[in-house]
Amino acid sequence: MSLLARLRASPFWPMLRKEFVQMRRDRLTLALMVGVPAIQLLLFGFAIQTEVRNLPTLVLDESRTSESRALIAALENTDNFKLRPEPARSRAEVERAIVAGRARAAVVIPPTYARDLKRGRGAQAQVLVDASDPLASSGAIGGAQQAGMARAQALLPAAVVRAAPVTVVVRPLFNPTLRSSVYIVPGIVGVLLSVTLIIIMSIAVVRERERGTLEQLIVTPITRTSLMLGKVVPFILVGYVQVTVILLLGRVVFDVPMRGSLLLLYAATLPFIFASLAIGLLVSTLVATQAQAMQLGFLFLLPNILLSGFMFPREAMPPPAQWIGAAIPLTHYLEILRGVLLRDAGLWAVWRQIGILTAFAAGFLVLAVQRFHKTMD
């Protein structure tokens, strides 16, 4: 008797056959198990790069000479810096741009730069780096040192000087010791908040459908909007509790600074919580079982971690990955978290991200309400 015949004759065969038939009927679960890993592998394999390039950089050239322009060109040639087309007009403008996150680095060339070179005293330029992201700042520091060495080597044959011809002084801001916990812990607030709320809400409606309690809601005069909001509001308190606990632990255990306004941070957290819960509600209207809801909810886990800027700088990603990351609410919330906590950013610096999160929350909630039907089907 062949192995296949023995298998069919065993009591194990009917159960095995039943499971395969059930798996074939549950096509959504099968597609999630097979298709999602393949898609994520292709997406993240191309998107994730640890070598940071093209950091948005502002230039304040107070010398405005051919020598200062040569140093700027040397910095740009390292490919670590992507110079913004409009130059800065003052040091205050430079500081505002870095605090607001519009620039990750800034090059400041003093007015005496060319004169110091000609007198042989050695010229200095300064590179300000947003060190709240240690990985990105290390790339900027390396690029600044490389550009300074290149200019020094180019100028050495021209004249004999008593000091190094060019010195590029790097000044790390907000995290001078380059501690990774300063960058990671605020991000954990957003990641845990997003993932837990999406998964919790993604099984909310499905659980009631499976338990039969949805029938009681059907016979009530509650509108679809009221039903959805009724499910969302209690979990807002849960979200704020999560934020508070993680911030307290981050401060006490990891000594993460809290330089900005906590009131502003909590206010900006509200649209992000709404957006996460609305996504969970939308997921719950797309699936039929709690298992499917959890699988689809976990679909947001890897994009949230890898494409939002939680672990890897978005500047290092190819443009398509940056576009996908811009469509993730967590991306904009992380900018608010790190801006307020680490850079003391005010409302003037994060109002755009708050507006984007509000649009996300409204859009996802409208989609969820439109997809939800007060029926058992």
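Residues numbered from 1 in each chain as written. Predicted model: local features only at pLDDT ≥ 70, side-chain atom pairs only at ≥ 80, totals over all residues. Heavy atoms only, no water.

## Here we look at the overall build of the chain
Here is the rule: Here a helix means four or more residues in a row that DSSP labels H or I, a strand means two or more in a row labelled E, and each is numbered from the N terminus. Three labels apply to residues, based on accessible area from a 1.4 Å probe with only protein chains included: buried if under 20% of the type maximum, exposed if over 50%, partly exposed otherwise in between. Should any heavy atoms of two residues lie within 4.5 Å, those residues are counted as being in contact. Working definition of accessibility: Shrake-Rupley area with a 1.4 Å probe, residue cover restricted to the visible protein chains.
A count of helical and extended segments in the chain gives 17 helices and five strands. Counting the 377 residues in the chain, one finds 46% classified as buried. A sequence separation of at least 24 residues applies to 82% of the contacts in the chain between residues at least 6 apart. When the accessible area of the chain is evaluated, it comes to approximately 19200 Å², of which 64% is carbon and sulfur surface.

## A few points about the confidence of the model for the chain
For residues with low pLDDT, the predicted coordinates do not support detailed interpretation. Quick note on the threshold: Each residue carries a pLDDT value, the predictor's own confidence for that position, ranging from 0 to 100.
For the chain, the average pLDDT comes to 78, and 75% of its residues sit at 70 or higher. Model confidence for the chain, summarised as mean pLDDT per element, is weakest for helix α3 (residues 27-47) at 59 and strongest for helix α16 (residues 329-343) at 92. Low pLDDT, under 50, characterises residues 158-162; the stretch is placed with three contacts to residues that sit more than four places away or in other chains.

## A few points about the sheet that holds strand β2 (residues 81-83)
Counted only if it meets this: Any two strands between which DSSP finds at least two bridges are classified as paired. Orientation is described by lines fitted to C-alpha atoms, with helices fitted over the stretch in contact, and by angles between N-to-C directions that extend from 0 to 180 degrees.
With mixed pairing, the five strands of this open sheet are ordered in space as β2-β1-β3-β4-β5. Both edges of this open sheet fall to β2 and β5 (166-173), since each of them pairs with a single strand only. Strand after strand, the sheet turns through a mean of 30 degrees between neighbouring axes, direction not considered. Bridging between strand β1 (residues 55-61) and β2 involves three bridges; their strand directions are parallel. Its bridge partner lying in β2, proline 56 is registered against lysine 82. Packing of helix α5 (residues 91-100) onto the sheet brings it into contact with β1, β3 (105-109), β4 (123-130) and β5, and relative to β1 it is tilted by some 170 degrees.

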